[in-house]
Amino acid sequence: MSVIVTQKNTALLSLWEFRLGICFSLFAGATGDILPDSLPSVPGTLPHFLKEPEDSYIIKSNPIKLLCRAVPALQIFFKCNGEWVHQNEHVSREYMDQNTGLKVREVLINVSRQQVEDFHGPEDYWCLCVAWSHLGTSKSRKATVHIAYLRKNFEQDPQGKEVPIKGMIVLHCRPPEGVPTAEVEWLKNEELVSSLTDDNIDTRADHNLIINEARLSDSGNYTCLASNIVAKRRSATATVVVFVNGGWSLWTEWSPCNVPCGRGVQKRSRTCTNPAPLNGGAFCQGMSVQKITCNALCPIDGGWEKWSEWTACSVQCERQRRRECNNPPPRHRGIMCEGPSNATENCTGGILLFLCWSVCVPGMDDSNDVALYSGLGSGVIVVAVLVVAVMLYRRSQSNYGVDVIDSSALTGGFQSFTFKTTRQGSPLLLNSSLQPELTVGRTYSSPICFKDFIDNKELFDHLPDNKVKVQSSFMVSLGVADRAEYHAPKGHPPETFPRGLNRDYSNSTVERRSTKKGLLTPNGPPLTPTKDQMRTTGVFGHLGGRLVVPNTGVSLLVPHGAITEDTSWEMYMVINQGESSFQTEEGCEILLGPEVTYGPLGLDLSSPVAMTIAHCAEVDTENWNIQLKRKTQDNSWEEVMSVEDESTFCYCLMDSSSCHLLLDQPGSYALVGEPLTQAAVKRLKLAVFGSMGATPMHYSLRVYCVDDTPYAFQGVVATETSRGGQLLEEPKMLPFRGNTFSLQVYIQDVPQFLWSIKPFTTCQEFSFSQVWCSNQKPLHCAFSLERNSPTTTQLSCKISVRQVKGHEQILQVYTSVAESKKESVPFFTQTDCTVTSQAGPKAFKIPLSIRQRICATFDTANAKGKDWQLLAQKLNLERNLSYFLKQQSPSAVILSLWEARHQDTGDLDSLASALEEIGKIHSKSAAAKSQDPESDLVHNLGTGSPGNPVCGMGELTNHETANSVQEYTG
């Protein structure tokens, strides 16, 4: 505040100070411009400070600046610690105030660290400024100058605690000495703790952290963070464990007396599960079983009284008598009397009943008796004949062994049949001269690898019976086996097995045993994924082919005709296994699948390739913005398209677990997701592995949380295979929401009398950012258990994985921990994935001749409107039609996309159903339908021919391919 002098004698004193200041300035070397004529004079007004010097801190060796600004003022000088600052150290300037028209004077000085350190006085280093006008002087406030610092050591570090659930947690923290005083924040597992978002937490002004009611989720590592303008300091970490003391359940009902007769014992029990002890909590005090004595009454068996007298003879020539079981009656679970309580006998002493009736009932008509007994005899004979006939019929039916099931979902005779072999020598298998066609081979059961069937015996030895797929009339005509099954019992002659197929595999990165005219005999597959397996190559020509990276959900389809005739390309596909080059922007975008590169870069194709990449997102356009990105030459990523947008340069089809892309340009691609709301969900796969620890008494459980894609899980497989780990429970899926809450892992129900676990390790936690931004890299935590006795060989417990305010999954562990040789390969790896590249017609499900017929039919629009747009609509590919429109053959591109989308089914039913539906919609008469090329195509697909047997992935022999082309092309 400015000091205004109003009294006359004070004004005279100020004027004297002003003149003294002029003299001081002249003595200090002033230039003589202290009272210029240009300065305005405001009669009756003392200087007024617009800006006063402020308290400041010197950081390290950087000087601070003190500023004064006043109006009206003839001159302004600084005075520090009671002494005037030299004129040369002042920096002054004048300017006009646009609002008042007055000139404002501003003065600035620098204060160095050395000046403050050299000052030794009773108070802190201070400065003020004095402003002069015609009427007097005004003084500003005092501004203190301090040297800022922050000591390294905390005066009091927080201490770890173990508190019961719902108890109060108080963590003390006294920050290091510093100027200015340090501000304190709390971190839990490296994340900021705020009382604004959690009413249960209170951060006091005395820097202590108080949790009013402890929860299990409050367990963790807490750190006190002190900071000021100079530095930040971290305290020692305090581990807080929230434990749950065990509580007894209710008593059960008393058990029955343990003896049937006499003095015995009754029991009742209770368990320490209400709640069960957690995180080192105390076990329940008291007995879990109570016993009392009991006296069971001995049973008394019943006894018969004497028989009563016989009754008089009835009209049926019978008499009766009775007795009661009351001598004594049965009591206390005693046995009832044995034998009948009623007795009946013939009054005639053994004469036939028929004669008795004749004697006792003289009025009975003999002719009626004969008719009655004749009818009864005839009925008995008829029933016996029917029983014998039914038994003979069932026996004859069992010899047939034929079960015909109409499972047709289409019209036109698309029916599936199940054939079962007859008994030896039976002539009843439909037609004894007609044997089921078994040359169709086996279908592929997985989309992520091709399989080698050179040795069929090895493939079927572990199965209870052998199965060969046989399809309906339509599917047999295409050679695709996926519906009906031919069952052959063990021991059947070898000719009933699927016959070996002649395979001309293309060049592949898989290790070879021998090579002869392009034939490839793959060696045994490696047991674990290696870095080399993340790259696959193949040589493709005009007929196209397919590349697959095993066990990753990644494949590449090169369509027929994409490469010009008399030209071949060596193509490759690589999955980036190193640190991802994709960088998230402010943590918003994440990788939903692996980074995939295909090439070579100079590849020249006439139609797009179809790439399939597995992803881990729960696809929902309201919660996700999913984009396809491509790496540029400078290793940055550019957006190609959003999956919901339409583009003429790229096509993207999102399924629940895979993304199918149509691409024109080689390069590196990645599927990136940006959550729009906190309801966005990505899928996690959870798995628990176990292995022996450092000593025979220790056992280690490792819980993995990884993005739910086959590629990401292979990282876990590789790690655990190298460590000798064993999968203890089938992996499970957990939906993880983008709600910023962490993921917690608990181990529960460990038998404490058999096993012990390290304190404070039963609950572990991953932060939200660790899980959400894992980018296909696995996360895991470990639990170390120790056997209390060497005789303990079994371990049972539960692993609970839950997201705070989200979903939970339970992994049940029950395993033997005896030292024995574990399986080197977990059950979920595909050990028969050997061929990663396949060229020619065998790489496709749709035979080449049928594909050509479909394209010829639908690429040209006709009056009925049956063009490629209708085909796309029926195959559920009707979005982004502008992309197909620019293609030379839209139908061919649509079929390539269909191939990529259905590579895991080996089933052409959906395509056949779409073609048949198109034919039904546009058929107006039987004559028109027979003349319609498209209807004729459906007819050919439906009737089929044994000359075109193709297996599920289009495995055609050369002879069969020629037959199919001849049949459909004339």
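Structural data are supplied above this passage.
Since this is a predicted model, take the numbers as computed values, not measurements.

K.L.:
Which residues make up the state of the cysteines, and what values do they have?
P.N.:
Tallied over the entire structure, the rule returns eight disulfides. Two residues, Cys257 and Cys294, share a disulfide whose sulfurs are 1.8 Å apart. Its torsion about the S-S bond being 80°, the disulfide of Cys257 and Cys294 is classed as right-handed. Of the two residues, Cys257 is situated in the loop between β21 (238-243) and β22 (262-269) and Cys294 in strand β23 (residues 289-296); the sequence distance between them amounts to 37 residues. In this structure Cys257 comes out as partly exposed when scored by relative accessible area, which is 22%. Bridging Cys261 to Cys298, the disulfide has an S-S length of 1.5 Å.

K.L.:
So what's going on with the packing of aromatic side chains? Which residues, and what values?
P.N.:
Enumeration according to the criterion identifies 14 aromatic pairs in this entry. Each ring, one from Trp868 and one from Phe884, has its centre 6.4 Å from the other, and the planes form 65°; the classification is edge-to-face. Of this pair, Trp868 sits in helix α10 (residues 868-874) while Phe884 sits in helix α11 (residues 881-885), and the two are 16 residues apart along the sequence. Classification of Trp868 by relative accessible area gives buried; the value is 7%. Ring geometry for Tyr883 against Phe884: centres 6.0 Å apart, planes inclined by 75°, an arrangement best described as edge-to-face. Of the two residues, Tyr883 and Phe884, neither departs from the other in class, the shared state being buried. Cluster of aromatic residues (ring-pair linked, three or more members): Trp624, Phe736, Phe768 and Trp772. The ring of Trp310 is capped by Arg319, whose NZ or CZ atom sits 4.8 Å from the centre of that ring.

K.L.:
Talk me through the sheet that holds strand β42 (residues 651-654); I want residue IDs and the actual numbers.
P.N.:
Spatial ordering of the open sheet is given by β42-β43-β39-β35-β34-β56, a layout of six strands whose pairing is antiparallel. Each having just a single partner strand, β42 and β56 (837-839) make up the two edges of the open sheet. In this sheet, neighbouring strand axes are inclined to one another by 10° on average, regardless of whether the strands run parallel or antiparallel. Relative to strand β43 (residues 658-663), β42 is paired through four bridges, and the arrangement is antiparallel. Each residue of the ladder has a partner; that of Leu653, found in β43, is His660. Packing against the sheet, helix α12 (residues 890-901) makes contact with β34 (545-549), β35 (554-558), β39 (609-614), β42 and β43, and its axis sits at approximately 150° to β43.

K.L.:
Can you lay out the environment of Gly160 for me, pointing to particular residues and giving the numbers?
P.N.:
In this structure, Gly160 sits in the loop between β11 (149-150) and β12 (161-164). Through-space distance from the C-alpha of Gly160 to that of Thr237 is 7.9 Å; in sequence the pair is 77 residues apart.

K.L.:
Could you give me a rundown of the pattern of salt bridges, with the residues and numbers involved?
P.N.:
What the rule picks out here adds up to 25 salt bridges. With a closest N to O distance of 3.1 Å, Glu54 and Lys51 form a salt bridge. Taking the relative accessible area as the measure of exposure, Lys51 reaches 27% and is therefore partly exposed. For the salt bridge of Lys798 with Asp749, the shortest nitrogen-to-oxygen distance reads 3.5 Å.

K.L.:
Which residues make up the pairing of strand β38 (residues 596-599), and what values go with them?
P.N.:
Relative to β38, strand β36 (residues 569-575) runs antiparallel, the two sharing four bridges. Within β38, the residue paired with Ile575 across the bridge is Val596.

K.L.:
Report on the sheet that holds strand β6 (residues 91-96), specifying residues and quantitative values.
P.N.:
The strand order across the open sheet formed by four strands is β1-β3-β7-β6, and the pairing between neighbours is antiparallel. Two strands close off the open sheet at either side, each with one partner strand: β1 (48-51) and β6. Each neighbouring strand pair of the sheet contributes to a mean axis angle of 30°, computed without reference to strand direction. Bridge analysis of β1 against strand β3 (residues 64-71) gives three bridges, and the strand direction is antiparallel. Counterpart to His48 in the pairing with β3 is Val71.

Criteria and cut-off values
- Residues numbered from 1 in each chain as written.
- Predicted model: local features only at pLDDT ≥ 70, side-chain atom pairs only at ≥ 80, totals over all residues.
- Heavy atoms only, no water.
- Disulfide = S-S within 2.5 Å.
- Helix = DSSP H or I, 4+ residues; strand = E, 2+ residues; numbered from the N terminus.
- Buried < 20%, exposed > 50% of the residue type's maximum accessible area, 1.4 Å probe, protein only.
- Phe/Tyr/Trp six-rings, centres within 6.5 Å; stacked < 30°, edge-to-face > 60°.
- Lys NZ or Arg CZ within 6 Å of the ring centre and 35° of its normal.
- Pairing = 2+ DSSP bridges.
- Axes fitted to C-alpha atoms, helices over the stretch in contact; angles between N-to-C directions.
- Contact = heavy atoms within 4.5 Å.
- Salt bridge = Lys/Arg side-chain N within 4 Å of Asp/Glu carboxyl O.

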